[in-house]
Amino acid sequence: MLYLVLKYLHIIGASVLLGTGAGIAFFMLVAHRTGRAETIAAVARIVVLADFLFTATAVVLQPITGVALAWHVGYSLTEGWILLSILLYLITGAFWLPVVWMQMEMHRLAEAASKGGQPLPKRYHRLFHLWFAFGFPAFAAVLGIFWLMIARPAIEW
């Protein structure tokens, strides 16, 4: 029973990471395409909240459930697919942490522009393009982790 609970929690956490990441990217992109500071500010506020409530929670719980699951099943944490999963997880985090900061800054810039009746500043657009670019390696790494969890390939280091 413990195995099923751990596996269930781990899969839910992975799904939250993938789903929240994809949802946030979609909503921010759609909001950005409106060019309207008030729309971007409102969506960015929700996106930042979602990242803190859902993504951050899953980010903390994934390693805990992953390690507990590996120990329960008897996998060594030095198995190739597990080590690669950990590496990809760290890569995801290296891109996600700056993205959270960028989202908070884009929200602040859009809110200020909206309240002042001003167009979005150049800094917002630079941050958006950087935010967009950071999403690709992070998303690819998460997809890679999903594949590794499912296939558990024999990888020699």
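Residues numbered from 1 in each chain as written. Predicted model: local features only at pLDDT ≥ 70, side-chain atom pairs only at ≥ 80, totals over all residues. Heavy atoms only, no water.

A. Up close: the overall build of the protein chain. Along the backbone of the protein chain there are 4 helices and 0 strands. Its helices and strands taken in sequence order, the protein chain reads α-α-α-α from the N to the C terminus. Projected onto its principal axes, the C-alpha coordinates of the protein chain cover approximately 60 × 30 × 20 Å. Relative to its full complement of 157 residues, the protein chain shows a buried share of 35%. In the form shown here, the protein chain has an accessible surface area of approximately 9,300 Å², with 74% of it arising from carbon and sulfur atoms. Each charge class in the protein chain was averaged separately, 10 positive and 6 negative side chains, and the resulting centres sit 10 Å apart. (Helix = DSSP H or I, 4+ residues; strand = E, 2+ residues; numbered from the N terminus. Buried < 20%, exposed > 50% of the residue type's maximum accessible area, 1.4 Å probe, protein only. Areas by Shrake-Rupley, 256 points an atom, 1.4 Å probe, with all protein chains shown as cover. Lys, Arg positive; Asp, Glu negative; His and termini not counted. Charge placed at Lys NZ, Arg CZ, Asp CG, Glu CD.)

B. Inspection of helix H4 (residues 122–151) at higher detail. Spanning 30 residues, H4 covers 44 Å between terminal C-alpha atoms, matching the ideal 44 Å at 1.5 Å per step. What H4 keeps buried is the set Tyr124, Leu127, Phe128, Trp131, Phe134, Ala138, Ala141, Val142, Ile145, Phe146 and Leu148. As for H4, its buried residues are in contact with helix H1 (2–34), helix H2 (37–73) and helix H3 (80–116). Arginine 152 sits one or two residues past H4 and shows a positive phi near 45 degrees. (Expected span 1.5 Å × (residues − 1). Contact = heavy atoms within 4.5 Å.)

C. The arrangement of the nonpolar core in detail. By size, the foremost hydrophobic cluster in this structure holds 21 residues, and its most contacted members are Ile24, Met28, Ile40, Met106, Leu120, Tyr124 and Trp131. Only H1, H2, H3 and H4 provide two or more residues apiece to this core. Those residues in contact with methionine 106, other than ones at most four positions away along the chain, are Met28, Tyr124, Leu127, Phe128 and Trp131. Ala70, Trp81, Leu88 and Leu148 belong to the second largest nonpolar core, which has 7 residues in total. (Core = buried A, V, L, I, M, F, W, Y, C linked by side-chain atoms within 4.5 Å.)

D. Up close: H1. Between the first and last C-alpha of H1 there are 48 Å, a value that for 33 residues agrees with the 48 Å anticipated at 1.5 Å per step. Of the positions making up H1, those classed as buried are Leu6, His10, Gly13, Ala14, Leu17, Thr20, Ile24, Met28, Ala31 and His32. On its buried face, H1 sits against H2, H3 and H4. At the C-terminal side of H1, glycine 35 shows a positive phi close to 75 degrees.

E. The arrangement of the packing of aromatic side chains in detail. Taken as a whole, this structure holds 7 aromatic pairs when the rule is applied. Seen in terms of ring centroids, tyrosine 124 and phenylalanine 128 are 6.4 Å apart; in terms of plane orientation they differ by 25 degrees. Their pairing is stacked. In this pair, tyrosine 124 and phenylalanine 128 are both assigned in helix H4, 4 residues apart and thus about one turn of the helix distant. Consider the rings of phenylalanine 128 and tryptophan 131, whose centres lie 5.4 Å apart with planes at 35 degrees: the pair is tilted. Taken together, the residues phenylalanine 128 and tryptophan 131, both in helix H4 and 3 residues apart, mark about one turn of the helix. Judged by relative accessible area, which is 6%, tryptophan 131 ranks as buried. What links up through ring pairs into an aromatic cluster is the set Tyr124, Phe128, Trp131, Phe132 and Phe136. (Phe/Tyr/Trp six-rings, centres within 6.5 Å; stacked < 30°, edge-to-face > 60°.)

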